[in-house]
Amino acid sequence: NVFFLPTPPQGNYSVEIFSNHEGVYTVNLATFKENGEFEVYKRMEAINSTDTEHFGIQYSQTELSIVTHAVTFDSFKEDIGALRDIQEIKNFGIYISILTKAKIASIMKNIKPEVTQKILMSILAELNAQRGKGITEDAYQTLLYDVTFLKTHL
C-alpha cells in the first residue's frame, strides 16, 4: 500500500501500521524538502493481526525530518514471538535462547545496565551467527534494529 500526502505543513505526524495477516513488512517513509532533496527511512517489522506499530515523524520542509520508532523490551519480545509464529525464526532452540536473553536483559536494565549491554551484545552475536541459517534475513534485520535501538537508548 502507498500513501502520499502532497505538500504537508511542517509538524509532527503519527503513522500506524496494522494488518489482518501475519508476516514481515517493510515501511519506507520518504520525506521531501522544498528544494527537492529527500530522505528515506526504511524499517522491517514483524506483525500479526493483534499488533499495531507506531511511527512518529517530525516533518520539516527545510531541515532534516526525523522518523522515530521506539523499541521497548516488551516490543522486542513481541517481535521475537511474532517472528517465530511466522517461521522467520526457524529453529525453536534459537527462539528460546534469544527470548530468554531478552527477558533477562529486560529485568536487568534498571538493576545493572552494564549487564544488559552485555546480554544485548550476546544477542547480536547470536543473530550474526544464525543469519541466513536459523533466522531469515527479514528476521535478522528486524531484530538487529531492535537490539541496536535498545543498546543506544539504555
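Notes on the structure in this doc start here.

Conventions used here
- Residues numbered from 1 in each chain as written.
- Predicted model: local features only at pLDDT ≥ 70, side-chain atom pairs only at ≥ 80, totals over all residues.
- Heavy atoms only, no water.
- Helix = DSSP H or I, 4+ residues; strand = E, 2+ residues; numbered from the N terminus.
- Expected span 1.5 Å × (residues − 1).
- Buried < 20%, exposed > 50% of the residue type's maximum accessible area, 1.4 Å probe, protein only.
- Contact = heavy atoms within 4.5 Å.
- Polar contact = N/O pair within 3.5 Å; in protein donor to acceptor, adjacent residues only side chain to side chain.
- Pairing = 2+ DSSP bridges.
- Salt bridge = Lys/Arg side-chain N within 4 Å of Asp/Glu carboxyl O.
- Phe/Tyr/Trp six-rings, centres within 6.5 Å; stacked < 30°, edge-to-face > 60°.

**Considerations on helix α4 (residues 137-152)**
Argument step 1. End to end, α4 covers 22 Å across 16 residues, agreeing with the expected 22 Å (1.5 Å per residue, within 8%).
Argument step 2. Listed as buried for α4 are Ala 139, Tyr 140, Thr 142, Leu 143, Asp 146, Val 147, Phe 149 and Leu 150.
Argument step 3. In the core, the buried residues of α4 are packed alongside β3 (38-47), α1 (73-85) and α3 (113-130).

**Some thoughts on helix α2 (residues 92-108)**
Argument step 1. Taking 1.5 Å per residue as the helical rise, α2 with its 17 residues ought to reach 24 Å, and the 24 Å between its terminal C-alpha atoms agrees with that figure.
Argument step 2. All buried positions along α2 are accounted for by Ile 94, Tyr 95, Ile 98, Leu 99, Ala 102, Ala 105, Ser 106 and Met 108.
Argument step 3. Its buried side turned inward, α2 meets α1 and α3.
Argument step 4. Where α2 begins, the capping side chain belongs to Asn 91, and its oxygen is found 2.7 Å from the backbone nitrogen of Gly 93.

**Examining unusual backbone geometry**
Argument step 1. Here Gln 87, not a glycine, exhibits a phi torsion of approximately 65°, which is positive.
Argument step 2. Looking at where Gln 87 falls in the secondary structure, it is placed in the loop between α1 and α2.

**Describing the pairing of strand β2 (residues 23-32)**
Argument step 1. Residues Gly 23, Tyr 25, Val 27, Leu 29 and Thr 31 point to one face of β2 and are all buried, whereas Val 24, Thr 26, Asn 28, Ala 30 and Phe 32, pointing to the other face, are not buried.
Argument step 2. Taken together, the ten bridges between β2 and β3 define a ladder with antiparallel strand orientation. Bridge pairing in β3 links Gly 23 to Ile 47.
Argument step 3. Linking two consecutive strands that pair antiparallel, namely β2 and β3, is a turn of five residues; a positive phi of about 95° is found at Gly 36 within it.

**Digging into the pattern of salt bridges**
Argument step 1. If you walk through the whole model with that rule in mind, you get three salt bridges.
Argument step 2. Ionic pairing is found between Asp 74 and Lys 77, a salt bridge with its closest N-O pair at 3.6 Å. Here Asp 74 and its partner Lys 77 are both found in helix α1, three residues apart, which amounts to about one turn of the helix.
Argument step 3. Residue classification places Asp 74 among the partly exposed residues on the basis of a relative accessible area of 48%.
Argument step 4. A relative accessible area of 21% places Lys 77 in the partly exposed class.

**As for the packing of aromatic side chains**
Given two aromatic rings, their pairing is described by the distance between the two centres and the angle made by the two planes.
Argument step 1. Counting across every chain of the model gives two aromatic pairs.
Argument step 2. The interplanar angle of 45° and the centroid separation of 5.8 Å between the aromatic rings of Phe 92 and Tyr 95 together place this pair among those described as tilted. Within this pair, Phe 92 and its partner Tyr 95 are both found in helix α2, separated by three residues, close to a single helical turn.
Argument step 3. With centroids separated by 6.3 Å and ring planes inclined at 25°, the aromatic side chains of Tyr 145 and Phe 149 adopt a geometry described as stacked. Of this pair, Tyr 145 and Phe 149 both sit in helix α4, four residues apart, which is roughly one turn of the helix.
Argument step 4. A residue is classified by how much of its surface remains accessible, and Phe 149, at 17% relative accessible area, is buried.

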